[in-house]
Amino acid sequence: MLSWDQSSSVARMRQERAWVEVDRAALAHNVGQLRRLLPTRTALMAVVKADAYGHGAVTVAQAVLAAGATWLGVATIPEGIELREAGIQAPILILGATNTAAQVRAIAHWQLQPTLCTPKQALVFAETMAELAPTEPLPVHLKLDTGMSRLGTNWQDATEFAQLVQRLPQLAIASVYSHLATAESLDRSVVRLQHQRFEQAIAQLRQAKISIPRLHLANSAGTLTEPALHYDLVRAGLAIYGLYPAAHLQSVLSLKPVLQVKARITQIKTIQAGTGVSYGHRFIADREMRIAVVAIGYADGVPRNLSNQMTALIQGQRVAQIGAITMDQLMLDVSQVPHLQEGDVVTILGQDGNQTITADDWANTLNTISWEILCGFKHRLPRVAIGERSQESGVRSQESGERR
Ligand SMILES: *Cc1c(COP(=O)(O)O)cnc(C)c1O
């Protein structure tokens, strides 16, 4: 076999084809903007589920904690373990449901904090914790359903639920919370209803003399729309990543997109009028054209449904994508861009000069939401952290650009 220096070669290859750039300075900026909106008594939880919405959970968690977030939210136990293994010590709430004894043991071992949605689940937790016989009770977060019709005990049964948990010495209630279904909507009727139900549940808990250390209700949209929804903590996902839950919320604060997707040109060629491009010849050149082949495709998370409907940025210019997007490659019409070379970098999503392409642009074309676009970038794309890293303590350092 030919010799090959694995460590240096792999590092160099990270930016040879296509990658996701994650801007730590933009993360810090967005956390700062959210903190300015919140009263000091309200803590900021950064929701970093789904690999931090595709940005890379460890890099994001370290950056947002250094910038003033104090809680992290994940969907699953493995997502929490990944953060603990990276040395992160902040409290981590698991937003999803966990039910089995094995899950309880993992949660206790890794000092994660579960969401409890039903009395039955509370009993499983108490029973398993009793077997583990820890010195401290496990902090648990009670989830109420106030109108989302997803996880949680019906808000009308909040007191009964909390009383049951309170009687279990293995568990300590760390918060009571609920989740909003329509907080980004201009129509406030459902938000108002959910808010009222949450308030009624709180009043009943108070009447029953159950003390709750922490209440929370708001996602990003709730955080941006109404101070009355802030309570003791807000759970912000999308806004941390610099996107707005809805266009009408852009005036509330100034967020910076954190993620950019870049790829290299691998070949440039001239094709004649009448020539078809890519699978199915869904694009036929109507003139002589210069086209660039770019090393990114739907296996990287560029949705195939954007074929013939997206643009990219090169040297500050916007160019059209042409033909079907393939698994690993796509083609651009670069007839109007002078002096291009193979190896040049194309911005697929992000900013180049005064041109930008946002996840919202893609979401609008595809009739979906920016959350889904961000989560769609696959692991084949290395996450490359750029921007200053803030000073942190107690967190194992991660080299800039390290593959996670
Ligand atoms: C995902 C999630 C959030 C964050 O939502 P954004 O709209 O991205 O801010 C907050 N709370 C819960 C329960 C979630 O599942």
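What counts as what
Residues numbered from 1 in each chain as written. Predicted model: local features only at pLDDT ≥ 70, side-chain atom pairs only at ≥ 80, totals over all residues. Heavy atoms only, no water. Near = heavy atom within 4 Å. Polar contact = N/O pair within 3.5 Å; in protein donor to acceptor, adjacent residues only side chain to side chain. Areas by Shrake-Rupley, 256 points an atom, 1.4 Å probe, with all protein chains shown as cover. 1 Å grid on protein atoms, 1.4 Å probe; cavity = no way out; pocket = protein on both sides within 12 Å on 5 of 7 lines; lining within 4 Å. Points joined across faces, edges and corners; volume = space filled by probe spheres on them. Helix = DSSP H or I, 4+ residues; strand = E, 2+ residues; numbered from the N terminus. Nonpolar A, V, L, I, M, F, W, Y, C, P; charged D, E, K, R; others polar. Buried < 20%, exposed > 50% of the residue type's maximum accessible area, 1.4 Å probe, protein only. Pairing = 2+ DSSP bridges.

Caption draft 1: Layout of the site of the ligand. Around the ligand sit 13 residues, and of these Lys-49, Tyr-53, Ser-220, Arg-235 and Gly-237 come closest. Here Tyr-53 contributes a side-chain N or O atom positioned 2.6 Å from an oxygen atom of the ligand. One nitrogen or oxygen atom from the side chain of Arg-235 is found 2.8 Å from a nitrogen atom belonging to the ligand. Burial of the ligand by the protein chains amounts to 93% of its free accessible area of 390 Å².

Caption draft 2: Examining the layout of surface pockets more closely. The volume enclosed by the largest pocket comes to roughly 600 Å³. Lining the largest pocket are 27 residues, with Lys-49, Arg-150, His-179, Asn-219 and Trp-371 positioned closest to its centre. Elements supplying a minimum of two residues to the lining of the largest pocket: α3 (49-53), β4 (92-97), α10 (220-225) and α12 (370-375). Considering only residue class, the lining of the largest pocket consists of 16 nonpolar, five polar and six charged. Computed from the structure, the second largest pocket encloses a volume of approximately 420 Å³. Residue lining of the second largest pocket: 25 residues in total, with Gly-242, Lys-256, Pro-257, Val-258 and Thr-358 positioned closest to the centre. Secondary-structure elements contributing two or more residues to the lining of the second largest pocket are β1 (18-23), β11 (259-271), β18 (345-352), β19 (355-357) and α11 (359-366).

Caption draft 3: Quick peek at the pairing of β1. Counting buried residues along β1, five of its six residues qualify, which places the element largely inside the surrounding structure. One ladder, built from five bridges, connects β1 with β11; its direction is antiparallel. Within β11, the position partnered with Val-20 by the bridge is Val-261. In this structure, β1 lies alongside strand β20 (residues 383-386), joined through four bridges in parallel fashion. Within β20, the position partnered with Val-22 by the bridge is Ala-385.

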